[in-house]
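# Coordinate inspection notes
Each chain, letter by letter, is given below.
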Amino acid sequence: MIYSLTVRTIATILVLACLVGSIVVGLLHEPRTPLLAWTSSAVGAISLLTVLATKRNPKRDAVLFIISGMGGGVFIAAAKVGFPGTLPIWLWTIGTVCIGTVALIVDAESAQSESVNRL
């Protein structure tokens, strides 16, 4: 899988759609959704919007995607939403961690292919 600007943008938009679905589920269960869940979703959204708004940098993107994935994990733990409602949250979490891993692999491969002058 090539970590190009187009792939990164499409993947980020799909994950943002899952995040919006998670927010809708959280709003439907609003009396049971604590502030920690909303804070984690805000952190996840901000990190994904940062990825969309900046130039491609695999190291930074990997960190932002993994932060967003951890935010999804915190949202799952804190929201107390039942199984059908947790599907977009699981997609958000799994998607961001997978994209972050791809970005780390691409960065590692590019670092290996660069020549280093050790004089």
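Everything below is about the structure shown above.
What counts, and where the lines are drawn
Residues numbered from 1 in each chain as written. Predicted model: local features only at pLDDT ≥ 70, side-chain atom pairs only at ≥ 80, totals over all residues. Heavy atoms only, no water. Salt bridge = Lys/Arg side-chain N within 4 Å of Asp/Glu carboxyl O. Phe/Tyr/Trp six-rings, centres within 6.5 Å; stacked < 30°, edge-to-face > 60°. Helix = DSSP H or I, 4+ residues; strand = E, 2+ residues; numbered from the N terminus. Buried < 20%, exposed > 50% of the residue type's maximum accessible area, 1.4 Å probe, protein only.

With that settled, consider the pattern of salt bridges. Applying the stated criterion across every chain yields a total of one salt bridge. Its salt-bridge partner being Asp61, residue Arg60 comes within 3.5 Å of it at the nearest N-O pair.

Turning next to the packing of aromatic side chains. Inspection of the entire model under this criterion finds two aromatic pairs. Ring geometry for Trp38 and Phe75: centres 6.0 Å apart, planes at 75°, overall edge-to-face. You can see Trp38 sitting in helix H2 (residues 35-53) and its partner Phe75 sitting in helix H3 (residues 58-79), a full 37 residues away along the chain. Trp38 gets classed as partly exposed once you look at its relative accessible area, which sits at 22%. Classification of Phe75 as buried rests on a relative accessible area of 0%.

Distances and angles like these do not, on their own, reveal function.
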